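Listed below, chain by chain, are the residues.
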Amino acid sequence: MTMQTLSLNESHGGIQGVYRHPSRETKTDMTFSVFVPRRTAGARLPVVTYLSGLTCTHANVTEKGEYRQACAELGLIFVAPDTSPRGEGVPGDPANAYDFGLGAGFYVDATEEPFARNYRMWSYVTEELPKLVAGHFPVDAARQSILGHSMGGHGALTVALRNPGRYRAASAFAPIVAPSQVPWGQKALGGYLGGDKARWRKHDAVALIEDGAKFSELLVDYGDADQFLAEQLRPELLKAACEKAAIPLTLRRQGGYDHSYYFISTFMADHLRWHAARLKA
C-alpha cells in the first residue's frame, strides 16, 4: 500500500504526521493524520482511531483536538481519517448541503447511486485504513480503540458495536446515537442506503443494541448548551437502550458546553485516559 508523507512535525516528543494514499475503497486519494509518541526501540503501541463529524477533515481534530500531550504521556498512537471521499468527480449534494455528500459520509458503504462508487467509508475506516496504518506505523493491532464526535460519534459507536472483539474501548463526544430517528441521519441513511429502513439499523447504535449488539462499556459526553442536543443527538435514547440491554454506559452531561472543539478539547485527555486504562489492561 503506497503512502505519501505530506508533513511531519515534532510535538510533545513525538511525531505528528499527515499522509495521503490512493484508496481502493473510495477510488480517491484519502488524507489522514497519525501521531506517534516517543517510544523505546521496537515497541508497538496501542492505537486510538478518531472519527470526525460533519464538514470536518482530518485537520479539525489534528489542529484543535489537543490530544498530543495526553497521547505522549499515555503511549497512544492517534489516527484521524477524513469523513468522506473528496476530489474532482466525487458526487456531492446538488444544494451543497453540509449534512449530506462531501464532508458527510456518515461512515457507511453507500448502495444508492451516484454515491455507491465512492462513499465506502465503513469499509475504509474498519478495513483499509487499519491495514495501511499497521503496515507503516508501530501499532499493536491487538490493542485498538475508537472514539468520535457527532457524526463520528455515531460512527465510533456503530463500529464498536459491530466489532466488539476488535476494539477494547469506545467513547464519543455528542454522538448521533439514533440516526434513524433524527433529521441528519434520516437524510444521510436514506440518501446512501435507500428507503428500506430495515437496512439502516446496522448503522444506528440504538437499533443495533435493540437488535442484540453488545459492548463491554461505553463512555459518552455531551454539553447541555449543545444546539443540536434535542433534535439531532438524543442521548436519552442511548441511555434507555443500554439500560434495557445491560450495557454499562457512562453518560455525562457537561454544563455550559456546546458542540464545538472547545468542548471536545476540554474532555479529550479524560477520554484518552479512559481508553488507555482499557487498552493496557
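The coordinates are above.
Counting starts from 1 at the beginning of each chain's written sequence and moves along it residue by residue. In view of the model being predicted, local features appear only for residues whose pLDDT reaches at least 70, and side-chain atom pairs are presented and counted only at 80 or more, with totals across whole chains, interfaces and linings using the full set of residues. Side-chain numbers here rest on the full set of heavy atoms in the structure, without hydrogens or water.

Participant: Can you walk me through the overall build of the chain in this structure?
Facilitator: For the purposes of this entry, the term helix denotes a DSSP run of H or I that reaches at least four residues, the term strand denotes a run of E that reaches at least two, and both are numbered from the N terminus. Check the secondary structure of the chain and you find 9 helices and 9 strands. Atoms considered for the radius of gyration are the C-alpha atoms alone. The globule rule reads 2.2 Å times the number of residues to the power 0.38. A compact globule built from 281 residues would reach a C-alpha radius of gyration of about 19 Å, and the chain, at 18 Å, matches this within 12%. In terms of overall dimensions, the chain has a C-alpha envelope of 50 × 45 × 35 Å along the principal axes. Buried residues in the chain amount to 59% of all 281 residues. We call a residue buried when its accessible area falls under 20% of the maximum for its residue type, exposed when it is over 50%, and partly exposed in between, using a 1.4 Å probe and counting protein chains only.

Participant: Would you mind going over the nonpolar core with me for this structure?
Facilitator: Soluble, globular proteins show a tendency: their nonpolar side chains are buried together. By nonpolar core we mean a set of buried residues, namely Ala, Val, Leu, Ile, Met, Phe, Trp, Tyr and Cys, connected to one another through side-chain atoms within 4.5 Å. Counting 88 residues, the largest nonpolar core has Phe32, Tyr50, Phe78, Phe106, Tyr192, Met268 and Leu272 as the members making the most contacts within it. Examining the composition of this core, we find that 8 residues originate from one element, helix 9 (residues 261-279), more than from any other. Note on definitions: a residue-residue contact is assigned when non-hydrogen atoms from the two residues lie within 4.5 Å. Each residue touching tyrosine 192, except ones within four places of it in the same chain, is listed here: Phe100, Gly101, Ala104, Gly105, Phe106, Val108, Ala110, Thr111, Glu112, Phe115 and Tyr119.

Participant: I keep staring at the pairing of strand 3 (residues 29-36) and nothing clicks. Help me out?
Facilitator: One face of the sheet, then the other: side chains in a regular strand alternate in exactly this way. With 7 of its 8 residues buried, strand 3 lies for the most part within the structure. Here, strands pair whenever DSSP counts at least two bridges between them. In the sheet, strand 2 (residues 14-22) pairs with strand 3 via 8 bridges, with the strands oriented antiparallel. Considered in strand 3, the bridge of valine 18 is made with serine 33. The turn joining strand 2 and strand 3, which pair antiparallel and follow one another in sequence, is formed by 6 residues; a positive phi near 60° is taken by lysine 27. In terms of strand pairing, strand 3 meets strand 5 (residues 77-81) through 4 bridges, oriented antiparallel.

Participant: Sorry if this is basic, but what is going on with the pairing of strand 6 (residues 139-149) here?
Facilitator: Counting buried positions along strand 6 yields 8 of 11 residues, so the element is predominantly enclosed. Pairing between strand 4 (residues 45-51) and strand 6: 6 bridges, direction parallel. Counterpart to leucine 51 in the pairing with strand 6 is glycine 148. Look down the strands so they point away from you; if the path from the first strand over the helix to the second goes clockwise, the crossover is right-handed. Handedness of the crossover joining strand 6 and strand 7 (residues 167-173) through helix 4 (residues 151-162) is recorded here as right-handed.

Participant: Explanation requested: helix 8 (residues 235-245) in the structure shown.
Facilitator: What sets the pattern is the α-helix's 3.6 residues per turn: residues three or four places apart point alike. Within helix 8 the residues assigned to the buried category are Pro235, Leu237, Leu238, Ala241, Cys242 and Ala245. Seen along its axis, helix 8 keeps its buried residues to an arc of 150°; they face one direction. In this structure, helix 8 carries Glu243 and Lys244 as exposed residues pointing more than 90 degrees from its buried face. Buried residues along helix 8 sit against helix 4, helix 6 (205-210), strand 8 (218-223), helix 7 (229-233) and strand 9 (249-254). Of the residues one or two after helix 8, alanine 246 is the one with positive phi, at around 60°. An arc is given here, and it is the one of the directions from the helix axis to the C-beta atoms.

Purely geometric stuff here, so don't read any function into it on its own.
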